[in-house]
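# Observations on chain architecture
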Amino acid sequence: MSKISLFDDYRIILASSSPRRRDLTNQIGLKVEIIPSKFEENLPKASFPTPADYAIATAKGKASEIYNENKEAVVIGADTVVVVDNKILEKPSDAACAKSMLSELSGRSHHVVTGVCICYKDHKHTFHVETKVQLIKLSPSMIDWYIETGEPFDKAGGYGTLGKGAILVERIEGCQFNMRGLPLPRLHQELSRILLG
C-alpha cells in the first residue's frame, strides 16, 4: 500500500480548531490529529517589532502548549492576522468591530500574515508567509449585508475568501492557501526539511 504523504510515519498534531486548516491538511493528504490549543491569543501587540513576529509568537504559544503534553509528536501551530497600516486586525468580537474592520479595509490593499511553529524533538521551527490582498470598495449596505451572513466573526480582518466573502476580494498576490490560514507549500517544504533532512 502506498503512502498518502511523505509524513505518514510521524504522529502529526494540528494545534487548531480551525475547520479551514483541517481541510487544507486533508487536501494534501497530510494525516493530522486535531488537538485545539487553549492558548490565549492576547499577547501585547505593541511589544513585537513586526506583525509577523506577533503571529509567530502566537503560533509558538499554541504549538508549545500541545507539544508539552505530546513530546513524541510533531506539533503544528499557526496564527493568521490581517495587517493594514502596520496595525494588526484579528477576529472581530462583534458586529460593530466587524463593521469597523471592513470599513477600514474597503478599497485598500493590506497583508494577510500567517505565523507557523513546528515543534519536534524539543526544537521550535518558525516561519511566516505574507499575502497581499486588495478588497473592492465596499458600500455601507454591502458591509451590513456581509456582517448579516455571519461569516466575519471567525476570520482575521472580518472577511474570508471562501463562501460569500469571495466577492469582496479584487486581487490576491502570493499564497492563496495563506488566506485560509495555512500556507501549504511552505509548510510542506519546512516539514520535509525538518523530518526528512
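Before reading on, note that the structure itself is shown above.
The following refers to the structure shown. (Residues numbered from 1 in each chain as written. Predicted model: local features only at pLDDT ≥ 70, side-chain atom pairs only at ≥ 80, totals over all residues. Heavy atoms only, no water.)

Judged by nonpolar contacts, the single largest core of 21 residues is most densely connected at Ile76, Ile118, Leu187 and Leu191. Counting residues per element, the ones that place at least two in this core are strand E1 (12-14), strand E3 (74-84), strand E5 (109-120), strand E6 (123-135) and helix H5 (184-196). For this core, the leading source of residues is H5, giving five residues. Counting 19 residues, the second largest nonpolar core, distinct from the first, contains Leu89, Met101, Leu102 and Val112. (Core = buried A, V, L, I, M, F, W, Y, C linked by side-chain atoms within 4.5 Å. Buried < 20%, exposed > 50% of the residue type's maximum accessible area, 1.4 Å probe, protein only. Helix = DSSP H or I, 4+ residues; strand = E, 2+ residues; numbered from the N terminus.)

Now for unusual backbone geometry. Phi is positive for Asp85, close to 55°, though the residue is something other than glycine. Tracing the sequence through the fold places Asp85 in the loop between E3 and strand E4 (87-89).

Below, the discussion takes up the environment of Arg20. Checked against the element boundaries, Arg20 lands in helix H1 (residues 19-27). Sequence separation of Arg20 and Thr50 is 30 residues, and the distance between their C-alpha atoms is 25 Å. If near-sequence neighbours (up to four positions away) are discounted, Arg20 is found in contact with Asp154, Lys155, Leu162 and Arg180. (Contact = heavy atoms within 4.5 Å.)

Let us look at the pattern of salt bridges. Going through the model one piece at a time under the given rule, you end up with 16 salt bridges. A salt bridge links Asp85 to Arg108; the shortest N-O distance between them is 2.8 Å. Of this pair, Asp85 sits in the loop between E3 and E4 while Arg108 sits in the loop between helix H3 (95-105) and E5; the two residues are 23 residues apart in sequence, bridging distant segments of the chain. The class for Arg108 is partly exposed, based on a relative accessible area of 29%. Here the residues in one salt-bridge network are Arg11, Glu33 and Glu72, joined through shared partners. (Salt bridge = Lys/Arg side-chain N within 4 Å of Asp/Glu carboxyl O.)

Here we take up H1. Taken together, the buried positions of H1 are Arg20, Arg21, Leu24 and Thr25. Taken around the axis of H1, the buried residues stretch over an arc of 135°, which confines them to a single face. Buried residues along H1 sit in contact with E1, helix H2 (51-67), E3 and H5. At the exit of H1 stands Gly29, carrying a positive phi of roughly 75°. (Arc of directions from axis to C-beta.)

Let us now look at the layout of surface pockets. What the largest pocket holds in volume is close to 560 Å³. Of all the secondary structure elements, the ones that give two or more residues to the lining of the largest pocket are H1 and E3. Among the residues forming the lining of the largest pocket, the class breakdown is 10 nonpolar, eight polar and 10 charged. (1 Å grid on protein atoms, 1.4 Å probe; cavity = no way out; pocket = protein on both sides within 12 Å on 5 of 7 lines; lining within 4 Å. Points joined across faces, edges and corners; volume = space filled by probe spheres on them. Nonpolar A, V, L, I, M, F, W, Y, C, P; charged D, E, K, R; others polar.)

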